[in-house]
Amino acid sequence: MARDRLALALRENLIRRKTQAREQASIGGRLRITGGAPLVGRVPISGAKNATLPIMVTCLMTPELVVLDNVPKLTDVANMIHLLEHLGVTVSHGDTLHLQAETVATVVAPHEFVRRMRASILVLAPLLARCGEAVVSLPGGCEIGERPIDLHLLALQALGAEIRADAGHVIVAAPQGLTGGRIVMNKVSVGATETALMAACVARGVTTIEGAACEPEITDLGHCLQAMGAQIDGLGTTTVTITGVPALTGARHRVIPDRIETGTYAVAAHMTGGDLELIGARGDHLAAPIEILTAMGAEVHNTEKGLRIKGGKGKAPAQEIITRPYPRFPTDLQAQFMTALSIAQGTSVITEAIFENRFMHVPELRRLGAKINIDGDRAHIEGVKALSGAPVRATDLRAGVCLVLAGLVATGETTVERLEHLDRGYADLEGKLKACGAQIERLAAAV
């Protein structure tokens, strides 16, 4: 065991040296925004980041080729590619992403990869299913609250996996393979549902997941697994039944459009008094946010190519929003709607019921003139006449984009720093906004 630890430490040191330059290159940069221009035009909606990442790791479950269309160009996707290549996957990408794991080179996902994004924990189930063991470093990612992986591990234990921890790594083994069973989620968890779904596909017998998350991204993962030969019933409901198969095959799958990117541009259209058609967007994935937007005065219509959003006239009325698991209001749109409500009429209330530390954007919005008070898990937003430009800093992905939205309507100039957060989840954000009339440009990091 001591020799194994030394080998793992040496390997991680090598990876650290190789990735330092790449990491430094991704950090820095800023957006300069001059507010006041309405957004008018068309925005192509990229593939969903939160669907792409779990679907990518399914390639570890088969030696055959997996081809993915509509994959967004994001740093999170690039980071997952680097991790998969480390595990032995051959990757080629252009307009489509080709993934093939003819062999698995290692079952160890080390800290230098995993710490950059929490989604790396999703390799745990495919490695376990394919190789009978997996060693994964405890994950990193956005600092938006405690997000333990215990539900992932409990799901694997329910299928017969043995689990232990050593030197900051989770070690999971099932030398005789996995066996179907009953998995009960005592808390709604998208990631744990995805882990359970992937592991159960090749477990012997039947598995039932009770209390499963119902997000469209999970359904999309399920559709990809079905294309690979998995037998799954109940996708999109809280009870999913999987009949294990001996092995999965290769497949081709198109990733669904990103509902959070869609919601973000919809808010931008409304806030700026603009008129945007969101190409490829699916309104059926955003019923709760669209209901709030409509109540705020926006016009939302389905088109042949997606969704059209026209901003309302005059001040929007105050709203009350509570974030909940799908199909209710998503936590990933909380910050964007808070920004819109900061210039609404009256006092709005947003209750964050998913993450306990997801108001980190509030101090930065205050720098722009927003009047927001925090009381536990509630934010009270008193609408102001206008926001004023100022230098601000992104603290996480969704907090970062809410500051961009604020800059689009603020008087004067706003600069948003720490663009590495934005680049994790928004493909060509400034390019898409500029094409619709926004005065925005990317600059080098301030010295």
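Above this text is the structure in question.
Sequence positions are assigned chain by chain, starting from 1 and proceeding in written order. With pLDDT at 70 or above as the cut-off, local features in this predicted model cover only qualifying residues; side-chain atom pairs require 80 or more to be listed or tallied, and sums for whole chains, interfaces and linings still use all residues. Calculated side-chain values reflect all of the structure's heavy atoms, with hydrogen atoms and water omitted.

Student: A description of the packing of helix H2 (residues 49-57) against helix H8 (residues 216-227) should follow, citing residues and the corresponding values.
Tutor: For any two helices packed against each other, the geometry comes down to the angle between their axes and how far apart the axes lie. Where H2 contacts H8, the two axes come as close as 9 Å, and the packing angle between them is 35 degrees. As for the relative orientation of H2 and H8, their crossing is right-handed in sense. For the pair formed by H2 and H8, the contact residues are Asn 50, Ala 51, Pro 54 and Ile 55 on the first element and Glu 217, Asp 220, Leu 221 and Cys 224 on the second. Residue polarity is assigned by list, with Asp, Glu, Lys and Arg as charged and Ala, Val, Leu, Ile, Met, Phe, Trp, Tyr, Cys and Pro as nonpolar; anything else, Gly included, falls into the polar class. Each residue belonging to the contact of H2 with H8 can be placed in one class, and the counts come to five nonpolar, one polar and two charged. Under this scheme, a helix contributes an axis fitted over its contacting stretch, all axes are lines through C-alpha atoms, and angles between N-to-C directions fall in the 0 to 180 degree range. Each helix is a run of H or I in the DSSP string that is no shorter than four residues. Each strand is a run of E no shorter than two, and both are numbered from the N terminus. For a crossing to be left-handed, the near helix must be turned anticlockwise from the far one by less than a right angle; the clockwise case is right-handed. Any two residues whose heavy atoms approach within 4.5 Å at even a single point are treated as in contact.

Student: Lay out the nonpolar core in plain terms, naming residues and giving numbers.
Tutor: Grouped together as the largest cluster of nonpolar side chains are 78 residues, with contacts concentrated most on Met 56, Leu 60, Met 80, Leu 84, Leu 99, Val 123 and Leu 225. Of all the elements, helix H7 (residues 190-201) adds the most residues to this core, at seven residues. Those residues in contact with Leu 84 that lie beyond four places of it in its chain are Met 56, Val 57, Cys 59, Leu 60, Val 89 and Leu 99. Residues belong to one nonpolar core when they are buried, are Ala, Val, Leu, Ile, Met, Phe, Trp, Tyr or Cys, and are joined through side-chain atoms within 4.5 Å. Exposure classes here rest on a 1.4 Å probe applied to the protein chains alone. A residue is buried below 20% of its type maximum, exposed above 50%, and partly exposed in between. Counting residues in each nonpolar core, the second largest holds 67 residues, with Ile 290, Ile 292, Val 384 and Leu 405 among its members.

Student: A description of empty space enclosed by the protein should follow, citing residues and the corresponding values.
Tutor: Where empty space is left becomes clear once a probe the size of a water molecule has been rolled over the atoms. Two kinds of site are reported from a 1 Å grid over the protein atoms alone, namely cavities, where a 1.4 Å probe fits but cannot get out, and pockets, open sets with protein on both sides within 12 Å along at least five of seven lines, and residues are called lining when an atom falls within 4 Å of a point. Grid points are joined across faces, edges and corners, and a volume is the space filled by probe spheres set on the points. Throughout the structure, instances matching the rule amount to one cavity of 30 Å³ or more. If you add up the space inside the largest cavity, you get close to 50 Å³. Contributing to the lining of the largest cavity are Thr 262, Gly 263, Ala 266, Leu 286, Pro 289, Ile 290, Leu 293, Val 300, Leu 307, Ile 309 and Phe 337. Of all the secondary structure elements, the ones that give two or more residues to the lining of the largest cavity are helix H9 (259-271), helix H10 (287-295) and strand E17 (306-310).

Student: Any chance you could break down the sheet that holds strand E3 (residues 66-69) for me, citing the residues and the numbers?
Tutor: Taking strand neighbours across the sheet as the criterion, the four strands line up as E4-E5-E3-E14 in an open arrangement whose pairing is mixed. Because the sheet does not close on itself, it has two edges, and the strands there are strand E4 (90-93) and strand E14 (251-254). If you compare each strand with its neighbour and ignore which way they point, the axes differ by 15 degrees on average. We treat two strands as partners when DSSP finds at least two bridges between them. Bridge count between E3 and strand E5 (residues 96-100): four bridges; the pairing is antiparallel. When the sheet's bridge partners are listed, Asp 69 is paired in E5 with Thr 96.

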